[in-house]
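Topology and contacts: notes
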Amino acid sequence: SALARQVVPRQRYGYDLIVSVGCARYLENKQRGEIQAELSRQRGIALSTGSLSALCDRFLTYLEALHLARVPQLRAALGEGYPLHIDATCEHGKGGLFVCMDGWRGWVLVAGRIPSEHEDHLRPLVEKTTRLFGDPIAIVRDMGQGGAKAVAPLREKAVPDLICHYHFLAAVGKKLFEQPYGLLRKLLKSSKVRTDLRALLRDLRGYSTTSPQEGRFGKGVVREELLALILWILEGDGTKDLLYPFALVHLEFFQRCRQALQRAQCWVQGARTPPERRAIDHLTTIVRRFDQDHRFTTAVTRLEGGWQAFCELREVLQLSNAELPRADVRAHQKELAPLEARRLREIEAALRVYRAELVERIASSQRAGSPSTSPSTVIVNYLDRYRERLFGHPTRRDEEGKIVAIVERTNNVPEHFFGHEKQHLRRRLGRANLGRDLENQPAQAALAANLRHPDYVRVLCGSLNYLPTAFAELDEEALE
């Protein structure tokens, strides 16, 4: 019996080795070759990469079994309830991973592989979560139809079904920009303006800023300011672009091209050398291609009108860059729960006022004979359809009645989780493209991320040092 607590019966690998390999793989994100070398150097153990993979799978199997065995304790640790955040991810359209998470603690409660985000694949996992951990105090999700149908039974039980504010705003933006932005992207591609600007930049890099050089635009010198101007047109200010539709990179590029000649007057002042004059003349020829097709004006006018309306709505919702899914979490200051609850009430009141303003604008436009498909109409339609799911976030209070926690208004809990796990997977595999790897990775790997939460580990086994003992006890109990 003492030996059985150290080594799996009829196996050659001990529980401590299973835990050591599993933690190195899923917590330290080491590659198999690194684990091999470390085991050989520190413990004198020689394992093939295939054996390491088998030990990793065994680790995940034990971890899932232990997670299920500790459901009563985990459920008790959830206290007065938990907000259920659900989301799925995939890579390049290949098989996805669906997780149900506790939004307050960041624990993965249930994870499963899914072929698509259809209701038939999502509902069993949601039902498993509620069967194990009880009904949540609220649901936070994106606007997918599969997720909406999967949580319908909870909605019928009066559990608040909340839409992520980021996904709501993104859906409005995509509706506003879809047609004109697609047209602008197509026109820019056919105009080859970007291609010719890159070629111009390459040619100018062959010139010196001090000694005359012979090049495409004749012999002479070219100041760095002219190269900086072309680079600014192509890249902007160099900051990382937000995700569409929170940044319209093609529209911004078009606007920079419109400002290029005016900027040239400021950036390249004084007497210009012959190569500089010819290069600026060539730049003028390139950017004036936009004047040859009236469709540019049509698309840009619609986009600028839609962008103004989109920014108005975003300002009313007070959704900052730090609250977007791929933002740096270090830039987001965690709001105190009472202040966040008050802020949500203020946003809800401001949104009612804003909707009334939009309705008045629509009426004025109709009286003036303007088309009914204005940005205001699109926003009002979305507000009328989803407004009930945007607010009503439950809170948790202490014995004195003070708010100590509030359900988040975005679905960033699983969004950040997926982002970090993909980074870890790239580190483990040494590849950037995760399409096939994400599809093949067991869903239980998502549960391994819980081991980074000390409060979860305390409930599961006390500490990671006792994880081998907890695995051994599972075999003693013959847990299926």
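Residues numbered from 1 in each chain as written. Predicted model: local features only at pLDDT ≥ 70, side-chain atom pairs only at ≥ 80, totals over all residues. Heavy atoms only, no water.

1. A look at the overall build of the chain
Put simply, the test is: A run of H or I in DSSP counts as a helix once it spans at least four residues, and a run of E counts as a strand once it spans at least two, with each numbered from the N terminus. Whether two residues touch is decided by their heavy atoms; if any such pair falls within 4.5 Å, the residues are in contact. For the purpose of counting charges, residues Lys and Arg are taken to be positive, whereas Asp and Glu are taken to be negative. His and the chain ends are not included. Working definition for charges: the position is that of NZ of Lys, CZ of Arg, CG of Asp or CD of Glu.
Of regular secondary structure, the chain possesses 20 helices and nine strands. In the chain, once contacts between residues fewer than 6 apart in sequence are set aside, the share between residues at least 24 apart is 70%. Side-chain charges of the chain comprise 71 positive and 59 negative groups, with the mean position of each set lying 5 Å from the other.

2. Focus on the pairing of strand E3 (residues 108-114)
The two faces of a sheet get side chains in turn, since along a regular strand they alternate between them. Formally: For every residue, the accessible area obtained with a 1.4 Å probe (protein chains only) is divided by the maximum for its type, and the residue is called buried under 20%, exposed over 50%, and partly exposed between those limits. If DSSP finds at least two bridges between two strands, the strands pair.
Burial within E3 is extensive, with six of its seven residues counted as buried. Bridge count for strand E2 (residues 96-102) against E3 is six bridges, and the pairing is antiparallel. The residue of E3 that forms the bridge with Leu 97 is Arg 113. Hairpin remark: E2 followed by E3, antiparallel, with five residues in the connecting loop; positive phi at Gly 106, about 80 degrees.

3. Regarding the environment of Ser 320
With respect to the helices and strands, Ser 320 occurs in the loop between helix H13 (294-317) and helix H14 (337-367). Sequence separation between Ser 320 and Tyr 166 is 154 residues; the distance between their C-alpha atoms is 9.7 Å.

4. Observations regarding unusual backbone geometry
At the junction of Tyr 244 and Pro 245, the peptide bond is cis and its omega measures out at 5 degrees in the coordinates. Note that Pro 245 resides in the loop between helix H10 (224-235) and helix H11 (249-267). One non-glycine residue, Asn 29, lies in positive phi territory at about 60 degrees. Judged by relative accessible area, Asn 29 falls into the buried class, the value being 8%.

5. Observations concerning the pairing of E2
Within E2, seven of the seven residues are buried, which leaves it mostly tucked inside the rest of the structure. Here E2 shows two buried faces, one formed by Gly 96, Phe 98, Cys 100 and Asp 102 and the other by Leu 97, Val 99 and Met 101. Summarising the sheet, strand E1 (residues 83-89) and E2 pair through six bridges and their orientation is antiparallel. Within E2, the position partnered with Ala 88 by the bridge is Phe 98.

6. Focus: the state of the cysteines
Test applied: To count as a disulfide, a pair of cysteine sulfur atoms needs to be within 2.5 Å.
Within the structure shown, the criterion is met by zero disulfides. Free cysteine: Cys 23, not disulfide-bonded; nearest cysteine sulfur from Cys 461 at 9.0 Å. A relative accessible area of 12% means that Cys 23 is categorised as buried. Sulfur of Cys 266: no disulfide; nearest cysteine sulfur belongs to Cys 257 and is 17 Å away.

7. Regarding the layout of surface pockets
The test is simple: For cavity detection a 1 Å grid was placed over the protein atoms alone, and a set of points counts as a cavity when a 1.4 Å probe fits there but cannot get out; an open set counts as a pocket when protein lies on both sides within 12 Å along at least five of seven lines, with lining residues being those that have an atom within 4 Å of a point. Grid points are joined across faces, edges and corners, and a volume is the space filled by probe spheres set on the points. Under the scheme applied, nonpolar residues are Ala, Val, Leu, Ile, Met, Phe, Trp, Tyr, Cys and Pro; charged residues are Asp, Glu, Lys and Arg; polar residues are all the others, including Gly.
Considering only enclosed or pocket space, the largest pocket measures out at about 1,100 Å³ in volume. What lines the largest pocket is a set of 36 residues, among which Tyr 166, Leu 243, Pro 325, Arg 326 and Glu 415 lie closest to the centre. At the level of secondary structure, the elements contributing two or more residues to the lining of the largest pocket comprise E1, helix H8 (165-191) and helix H16 (412-429). Top element by residues in the lining of the largest pocket is H16. It accounts for eight residues. Here the residues of the lining of the largest pocket are counted per class, giving 18 nonpolar, eight polar and ten charged.

8. A word on the packing of aromatic side chains
Stated formally: Classification of ring pairs uses Phe, Tyr and Trp, with its six-membered ring standing for Trp, and accepts pairs whose centres are within 6.5 Å; under 30 degrees between planes counts as stacked, over 60 as edge-to-face, and the remaining range as tilted. In our convention, an over-ring charge means Lys NZ or Arg CZ found within 6 Å of a ring centre and within 35 degrees of that ring's normal.
Counted according to the given criterion, the structure contains 19 aromatic pairs. Centre to centre, the rings of Tyr 15 and Tyr 62 are 5.9 Å apart; their planes meet at 75 degrees, and the pair counts as edge-to-face. With Tyr 15 in helix H1 (residues 15-26) and Tyr 62 in helix H3 (residues 49-69), the pair connects residues that are 47 residues apart, well separated along the chain. Of the two residues examined, Tyr 15 and Tyr 62, each falls in the buried class. Taken together, Tyr 15, Tyr 26, Phe 59, Tyr 62 and Phe 471 form an aromatic cluster joined through their ring pairs. Sitting over the ring of Trp 107, Arg 105 keeps its end group 5.9 Å from the ring centre.

9. Describing H16
Note the threshold: Here the expected span of a helix is defined as 1.5 Å times the quantity of residues minus one.
Taking 1.5 Å of rise per residue, the 18 residues of H16 would be expected to cover 26 Å, and the 25 Å separating its terminal C-alpha atoms lies within 8% of that figure. Residues of H16 that are buried: Asn 412, Val 413, Pro 414, His 416, Phe 417, Phe 418, Glu 421, Lys 422, His 424, Leu 425 and Arg 428. Where H16 ends, the next residue or the one after it, Gly 430, has phi of about 70 degrees, a positive value.

10. A look at the pattern of salt bridges
As a reminder, the rule being used: In what follows, salt bridge is the name for a side-chain nitrogen of Lys or Arg lying within 4 Å of a carboxyl oxygen of Asp or Glu.
One pass over the structure, following the stated rule, counts 24 salt bridges. Linking Arg 155 and Asp 161 is a salt bridge whose minimum nitrogen-to-oxygen distance equals 2.6 Å. For Asp 161, a relative accessible area of 3% gives the class buried. Put simply, Glu 323, Glu 340, Arg 343 and Arg 409 are held in one network by salt bridges that share partners.

11. Observations regarding the side chain of His 165
Counting through the fold element by element, His 165 comes out in helix H8. Judged by relative accessible area, which is 1%, His 165 ranks as buried.

12. Observations concerning the side chain of His 167
Where we set the bar: Two N or O atoms count as a polar contact when they lie within 3.5 Å, although within protein this holds only if one can serve as hydrogen donor and the other as acceptor, and sequence-adjacent residues are included solely when both atoms are side-chain atoms.
Tracing the chain through its elements places His 167 in helix H8. Of the polar contacts made by the side chain of His 167, one reaches the side chain of Glu 415; its length is 3.3 Å. In contact with His 167, not counting residues within four places along its chain, are Asp 142, Met 143, Asn 411 and Glu 415.

13. Some thoughts on the sheet that holds strand E5 (residues 161-163)
To be explicit about the condition: Working convention: axes come from line fits to C-alpha atoms, limited for helices to the stretch in contact. Angles between N-to-C directions cover 0 to 180 degrees.
Spatially, five strands are ordered E3-E2-E1-E4-E5 in an open sheet, and the strand pairing comes out mixed. Two strands in the sheet have a free side with no partner beyond their single neighbour: E3 and E5. Taking each pair of neighbouring strands and ignoring which way they run, the sheet shows an average axis angle of 20 degrees. Relative to E5, strand E4 (residues 138-141) runs parallel, the two sharing three bridges. Across the sheet, Val 140 pairs through a bridge with Leu 162, a residue of E5.

14. A word on H3
Between the first and last C-alpha of H3 there are 30 Å, a value that for 21 residues agrees with the 30 Å anticipated at 1.5 Å per step. Buried within H3 are the following residues: Ser 51, Leu 52, Leu 55, Cys 56, Phe 59, Leu 60, Tyr 62, Leu 63, Leu 66 and His 67.

15. A short note on the packing of H11 against helix H12 (residues 274-287)
Axes are the key here: two packed helices are described by the angle between their axes and the distance separating the axes. Defined as follows: Relative orientations are named as follows: roughly parallel for angles under 35 degrees, roughly antiparallel for angles over 145 degrees, roughly perpendicular for angles from 65 to 115 degrees, and oblique for any other angle. In this scheme the handedness of a crossing depends on how the near helix is turned from the far one: anticlockwise by less than a right angle means left-handed, clockwise means right-handed.
Packing of H11 against H12 brings their axes to within 10 Å, and their N-to-C directions diverge by 150 degrees. Between H11 and H12, the angle is such that the two are roughly antiparallel. Where H11 crosses over H12, the handedness of that crossing is left-handed. Along its contact with H11, which presents Cys 257, Ala 260 and Leu 261, the element H12 presents Leu 283, Thr 284 and Val 287. Grouping the amino acids of the contact of H11 with H12 by side-chain chemistry returns five nonpolar, one polar and no charged.

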